[in-house]
Amino acid sequence: MAGPGRDTSTICLFDVDGTLTPSRQSIKPHVDDFLHKLAEKVLVGLVGGSDFVKIAEQMDGHEDIRKRFDYVFAENGLVAFRGTTQIGQQNLKKFVGEEILQKLINFALRYMSKLVLPCKRGTFIEFRSSMINICPVGRSCTQEERDEFVKFDEEHRVRDKFVEALRAAFPDAGLTFSIGGQISIDVFPEGWDKRYCLQYLEQDGVKTIHFFGDKVEKGGNDHEIFEDPRTVGHKVSNPDDTVQQLKELFFS
Ligand code: M1P
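Residues numbered from 1 in each chain as written. Predicted model: local features only at pLDDT ≥ 70, side-chain atom pairs only at ≥ 80, totals over all residues. Heavy atoms only, no water.

Here is the rule we go by: UniProt positions are given in the numbering used here, feature names are shortened, and annotations may be inferred rather than shown by experiment.
Looking at an unreviewed UniProt entry, one finds the protein chain named Phosphomannomutase, with Candidula unifasciata as its source organism. In its Catalytic activity (unreviewed entry) section, UniProt records this for the protein chain: "alpha-D-mannose 1-phosphate = D-mannose 6-phosphate". Database annotation for the protein chain, UniProt heading Function (unreviewed entry): "Involved in the synthesis of the GDP-mannose and dolichol-phosphate-mannose required for a number of critical mannosyl transfer reactions."

Shown next, in the form of structure tokens:
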């Protein structure tokens, strides 16, 4: 990772899906190689909405990503690693309490039971340590079924309407409903968005934080960190665009 003259006061922090990899797929070898070169110049970190296991699968699958990246922030940074050392872990269950959690889960299940979609599979609610992921098509869908839902959702705004209904039903619960990926909605306490990870970088004295993300518009899960004054935000359209922007910034 380290190289002579590496600037450890600067980090490039990347969203995963749509920024370094196609959504929920593995990183392409040329993007992976490029990150290795970049890591000789500055610190490199990941901040994904997904849980650690999914991020690790997408970034390689066999190497421990905590050895490869200076920081890995899963679930928006609520599960945080500096190298191989875990430096943070939040607990949704304790923070929100069982009563609200059950009301939310029951509401979401009722709402989804009325949806008619091209298909429905399994795992409609995934309970993570710091967020609940609600997925109308079901997380166990195949890639083909995922693609089909994406088209259907573009046309019928299934998730937008679902988020509106959730916001209306839980106006004072202190929860954020965020469309982070292609087929699901993330639910977490206000403030537990990707900005959460910045505290660790500040504590470690990192001075310049370049953030790269694709979902930077309002409602997207990169929006808050992209707009945050503590970061230099870079909007990208896909992994190749990310590499191109990095070349211009650090290699020209
Ligand atoms: O891009 C991050 C998102 O990745 C997945 O989204 P989806 O399966 O909907 O494409 C989920 O892990 C989601 O929680 C996460 O924000």
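Focus on the site of the ligand
Here is the rule: We call a residue near a molecule or strand whenever a single non-hydrogen atom of that residue lies within 4 Å of it. Polar contact is defined as a pair of N or O atoms within 3.5 Å, subject to the rule that within protein one atom must be able to donate a hydrogen and the other to accept it, and that residues adjacent in sequence are counted only when both atoms are side-chain atoms. Throughout, the Shrake-Rupley method with a 1.4 Å probe supplies accessible areas, and for residues the shown protein chains are the sole cover considered. The classification used treats Ala, Val, Leu, Ile, Met, Phe, Trp, Tyr, Cys and Pro as nonpolar, Asp, Glu, Lys and Arg as charged, and all other residues, Gly among them, as polar.
Residues in close proximity to the ligand total 15 residues, the closest being Asp-17, Ser-50, Arg-139, Ser-184 and Asp-186. One nitrogen or oxygen atom from the side chain of Ser-184 is found 2.6 Å from an oxygen atom belonging to the ligand. In the complex, the protein chains occlude 99% of the 390 Å² of accessible area that the ligand would expose alone. For the shell around the ligand, the residue count by class is one nonpolar, eight polar and six charged.

Here's the deal with the UniProt feature "binding site: Mg(2+)" (unreviewed entry) in the protein chain
Note the threshold: Runs of H or I in DSSP of at least four residues are treated as helices and runs of E of at least two as strands, each being numbered from the N terminus. A contact between two residues is defined here by any heavy atoms of the two lying within 4.5 Å.
The feature "binding site: Mg(2+)" (unreviewed entry), as given by UniProt, occupies Asp-15, Asp-17, Asp-214, Phe-226, Asp-228 and Thr-231 in the numbering adopted here. Its location among the elements puts Asp-214 in the loop between strand E10 (208-213) and helix H9 (223-227). Not counting chain neighbours up to four residues away, the residues in contact with Asp-214 comprise Asp-15, Asp-17, Gly-18, Thr-19, Asp-222, Lys-235 and Val-236. As for its placement among the helices and strands, Phe-226 is situated in helix H9. Sequence-distant contacts of Phe-226, defined by excluding residues within four places in its chain, comprise Phe-211, Val-216, Thr-231, Gly-233, His-234 and Lys-235.

A word on the packing of aromatic side chains
Formally: When two rings of Phe, Tyr or Trp (its six-membered ring) have centres within 6.5 Å they constitute a pair, described as stacked for plane angles under 30 degrees, edge-to-face for angles over 60, and tilted for the intermediate range. Relative accessible area decides the class of each residue, using a 1.4 Å probe on protein chains only: under 20% of the type maximum gives buried, over 50% gives exposed, and in between gives partly exposed.
Following the criterion strictly, the structure yields 10 aromatic pairs and no others. A ring pair is formed by Phe-107 and Tyr-111, whose centres lie 6.3 Å apart and whose planes are at 25°; its orientation type is stacked. One end of the pair, Phe-107, and the other, Tyr-111, are both in helix H5 (residues 98-113), four residues apart, so they sit about a helical turn from each other. A residue is classified by how much of its surface remains accessible, and Phe-107, at 18% relative accessible area, is buried. Both rings, one in Tyr-111 and one in Phe-162, keep their centres 4.2 Å apart while their planes meet at 10°; by these two values the pair is stacked. Placement of the pair is Tyr-111 in helix H5 and Phe-162 in helix H7 (residues 158-169), with a sequence separation of 51 residues.

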